[in-house]
Amino acid sequence: MGSSAVVVGGGIGGLAAALGLRRIGWEVTVVERAAVLDDAGAGISLHANGLRALDVLGVGEAVRDAARPQYTGGTRTPRGARLAAMDGAALERVLGTPIVGIPRATLHRLLRDALPPESLVIGTEVTAVDRSAPGRVRVPLGDTVLDADLVVAADGVNSRMRTLLFPSHPGPSYSGSTVLRAVTEHPVDAGTDFELTWGPGAEFGHIAFDDGRAEWHAVLNSPAGVRYPDPPAEMRRRFAGWHDPIPALLDATRPEAVLHHDIYELVAALPTYTVGRVALLGDAAHAMTPNLGQGACQALEDAAVLAAALAGEATVEAALARYDTQRRPRSQSVARAARQAGRMGQQLTNPLAIGLRNTALRLAPSGMTVRAILRHADWTPPLPELPSSPESHGA
Ligand code: FAD
């Protein structure tokens, strides 16, 4: 079994993959095209499955320490009427943890800090992968070539590696929704740990952080490419009259802090996550809409499973076959569920359909929200257990 890997992409998925590989004693180089290694996003929720993956990758405790547990909140109408309640205590009883919220920048830093700086090559774009030599895979980088036993393609929703490996795949599709989001400049009383508010064709949500600040996001049905000259002003106009703390969150935001992205997903599911000695991971393999808060959690699962498969199988080929079997059906089913959640949630515009949905949510027995979350969050990392530190493997 070989022991060197190149990870293409230094996002949450790529860094997690590198951590898993180092745990089992592999040498890893992460190649990231951005000149600064960071995550340009606002905040993120991590479910039990993502946290369990982080535990086996060795950073679960650090992430929990920096995160805020989500005990309160849920889903509301624009006037503030409660549709469904978040029961973090019930999730904690069943799963051992509620969902937690954390600034993306913090999560990214914690993953990065757990890797030796020399394993990170930044400001370098991977444009090709050479699979011609038997048992090897090579990544040309300018004048040098990285020669490895495995390449992990973690280069995101617009993955170049995926295009190289699956030239006839149609690529990502526009979901019909665009998202504006930001972290407030200062602490703000968000009232609850986590909230989603659904109006016709629009969702406003927040994740409160440990330090009192909060991220907010506004997801809108919209053609791709629409941009606003003054995003906070547009959000104040769009969400005028919506319940507290929405106005306070918008008022606590610097205009230049607002990020705006169109949401793309892989509707055409990949037939395999591995080609030769290249494994696709994270959004490169299964980009999904954010409606279940599971995209990064699935990337973290990928990383934990990949490392366990390589530790448990005699050859890279057998390990990659196991990775594909254990990851593809699950992540693709979560992606389908996320798409469906978006259609029944923020994307609904028909007043009759909205009324029926809201009535169904109000009448649903308590515990239904918890069961819906458990469907995806109740995941356990596979065996073999990863060594507790890279050193304990002799790396
Ligand atoms: P990315 O984060 O896209 O990282 C890919 C990296 O590869 C980038 O750094 C990029 O610069 C680099 N790269 C690309 N091409 C190359 C190349 N050729 N050479 C070198 N480097 C390259 N998930 C959750 O679990 N919980 C949530 O609450 C949640 N909320 C979300 C909210 C929104 C609005 C959105 C859009 C997504 C949300 N997600 C959430 C999903 C989550 O953000 C993604 O699934 C996750 O960030 C994917 O990580 P990744 O590492 O696979 O891809």
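Considerations on the nonpolar core
Thought 1: Grouped together as the largest cluster of nonpolar side chains are 75 residues, with contacts concentrated most on Leu21, Trp26, Leu46, Leu54, Leu107 and Leu150.
Thought 2: Looking at this core element by element, the count peaks at 11 residues for helix 10 (residues 295–312).
Thought 3: Setting aside residues no more than four positions away along its own chain, Leu107 makes contact with Ile12, Ile44, Leu46, Leu54, Val63 and Ile102.

Regarding unusual backbone geometry
Thought 1: Cis rather than trans, the peptide bond between Asp244 and Pro245 has omega equal to 10°.
Thought 2: Following the sequence through the fold, Pro245 ends up in the loop between helix 7 (231–238) and helix 8 (246–251).
Thought 3: For the bond from Leu383 to Pro384, the omega torsion is 0°, close enough to zero to count as cis.
Thought 4: Residue placement: Pro384 occurs in the segment after helix 13 (368–377).

Quick look at the site of the ligand
Thought 1: In the vicinity of the ligand lie 29 residues, with Gly13, Glu32, Ser45, Arg104 and Asp283 positioned nearest.
Thought 2: Between the ligand and Arg104, the relevant distance is 2.7 Å, taken from an oxygen atom to a side-chain nitrogen or oxygen of the residue.
Thought 3: Taking Val126, its main chain carries an N or O atom lying 2.9 Å from a nitrogen atom of the ligand.
Thought 4: For the ligand, the protein covers 85% of the area, taking 1,000 Å² as the surface of the free molecule.
Thought 5: Looking at the shell around the ligand, the elements with two or more residues in it are helix 1 (12–23), strand 2 (27–32), strand 3 (43–46), strand 12 (173–183) and helix 10.
Thought 6: Classifying every residue of the shell around the ligand gives 10 nonpolar, 12 polar and seven charged.

Parameters at a glance
Residues numbered from 1 in each chain as written. Predicted model: local features only at pLDDT ≥ 70, side-chain atom pairs only at ≥ 80, totals over all residues. Heavy atoms only, no water. Core = buried A, V, L, I, M, F, W, Y, C linked by side-chain atoms within 4.5 Å. Buried < 20%, exposed > 50% of the residue type's maximum accessible area, 1.4 Å probe, protein only. Helix = DSSP H or I, 4+ residues; strand = E, 2+ residues; numbered from the N terminus. Contact = heavy atoms within 4.5 Å. Near = heavy atom within 4 Å. Polar contact = N/O pair within 3.5 Å; in protein donor to acceptor, adjacent residues only side chain to side chain. Areas by Shrake-Rupley, 256 points an atom, 1.4 Å probe, with all protein chains shown as cover. Nonpolar A, V, L, I, M, F, W, Y, C, P; charged D, E, K, R; others polar.

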